[in-house]
Amino acid sequence: ASFAEYSRRRGGGAAAAPAVRLSARDERRLRDAFEAEWSKFESRAEGAALAVDDMPWPDSRISIAGVEPSDSLAASKARVNASLLRWHPDKFESSHAAKFSADALPAVLHRVGLVAERVQLERRLLAATGGSERTPVPAVMTRPSRREPG
């Protein structure tokens, strides 16, 4: 099953609450599956009229930035900065908004903002711990609010 299918079955990737801590192998598998789905998403043509569920959302149980315990502090910071660029709401909108239907876009941008907040929290955690703590930010920060547009 693809990551998108897996996420939908789980209840929406970033929106699902983590059940248990994953093994490093499972984290790597989920991260690799997400990156593969992200590559497919980026190659989609403008005007594809995608829906919210067509978007590959990061799994709530792993670091959105892809920071791993074996990463150096410099590598961790580089991963977080790349993730901040990927999920920055304005940059995301300018790069990908044309891929979504007009009805879906507000909800997509809302969720992108939630993911961006979680990446910011990962960055703060990295800075506060000097890189010694590399656990994912609690998934509660990525759940769509009940007042999500759309």
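Being a predicted model, the structure only gives us computed values, none of them experimental. (Residues numbered from 1 in each chain as written. Predicted model: local features only at pLDDT ≥ 70, side-chain atom pairs only at ≥ 80, totals over all residues. Heavy atoms only, no water.)

**Remarks on the environment of Ala82**
In this fold, Ala82 is placed in helix α3 (residues 73-87). The class for Ala82 is partly exposed, based on a relative accessible area of 44%. Considered as a pair, Ala82 and Ala65 are 17 residues apart in the sequence and their alpha carbons are 7.5 Å apart. (Helix = DSSP H or I, 4+ residues; strand = E, 2+ residues; numbered from the N terminus. Buried < 20%, exposed > 50% of the residue type's maximum accessible area, 1.4 Å probe, protein only.)

**A short note on the packing of α3 against helix α5 (residues 105-129)**
At a minimum axis separation of 9 Å, α3 and α5 run at an interaxial angle of 160°. What the angle tells us is that α3 and α5 run roughly antiparallel. In terms of crossing hand, the pair formed by α3 and α5 is left-handed. Where α3 abuts α5, its residues Leu73, Ser76, Lys77, Val80, Ser83, Leu84 and Trp87 lie against Val112, Val115, Ala116, Val119, Gln120, Arg123 and Leu126. Looking at side-chain class alone, the contact of α3 with α5 contains nine nonpolar, three polar and two charged residues. (Axes fitted to C-alpha atoms, helices over the stretch in contact; angles between N-to-C directions. Parallel < 35°, antiparallel > 145°, perpendicular 65-115°, else oblique. Left-handed = near helix turned anticlockwise from the far one by under 90°. Contact = heavy atoms within 4.5 Å. Nonpolar A, V, L, I, M, F, W, Y, C, P; charged D, E, K, R; others polar.)

**As for the nonpolar core**
The biggest cluster of nonpolar side chains holds 25 residues, and the ones touching the most others in it are Met55, Trp57, Trp87, Phe92 and Phe100. Going through the elements one at a time, α2 (24-43), α3 and α5 are the ones with two or more residues in this core. It is α5 that contributes the most residues to this core, eight residues altogether. (Core = buried A, V, L, I, M, F, W, Y, C linked by side-chain atoms within 4.5 Å.)

**A look at the pattern of salt bridges**
Applying the stated rule across the entire model yields eight salt bridges. Between Arg28 and Glu68 there is a salt bridge; the shortest N-O distance is 1.9 Å. Within this pair, whereas Arg28 is found in helix α2, its partner Glu68 is found in the loop between α2 and α3, the two being separated by 40 residues in sequence. Measuring nitrogen to oxygen at the nearest pair gives 2.9 Å for the salt bridge that ties Asp71 to Arg79. For Arg79, a relative accessible area of 30% gives the class partly exposed. Via salt bridges that share partners, Arg28, Arg31, Asp32 and Glu68 belong to a single interconnected network. (Salt bridge = Lys/Arg side-chain N within 4 Å of Asp/Glu carboxyl O.)

**Quick look at the confidence of the model for the protein chain**
Residues at a pLDDT of 70 or more form 73% of the protein chain, whose mean pLDDT is 79. Within the protein chain, the lowest mean pLDDT, 46, falls on helix α1 (residues 3-10), and the highest, 95, falls on helix α4 (residues 89-96). Taken together, the stretch residues 138-146 has pLDDT below 50 and engages in 23 contacts with residues farther than four places along the chain or on a different chain. (pLDDT = per-residue confidence, 0-100.)

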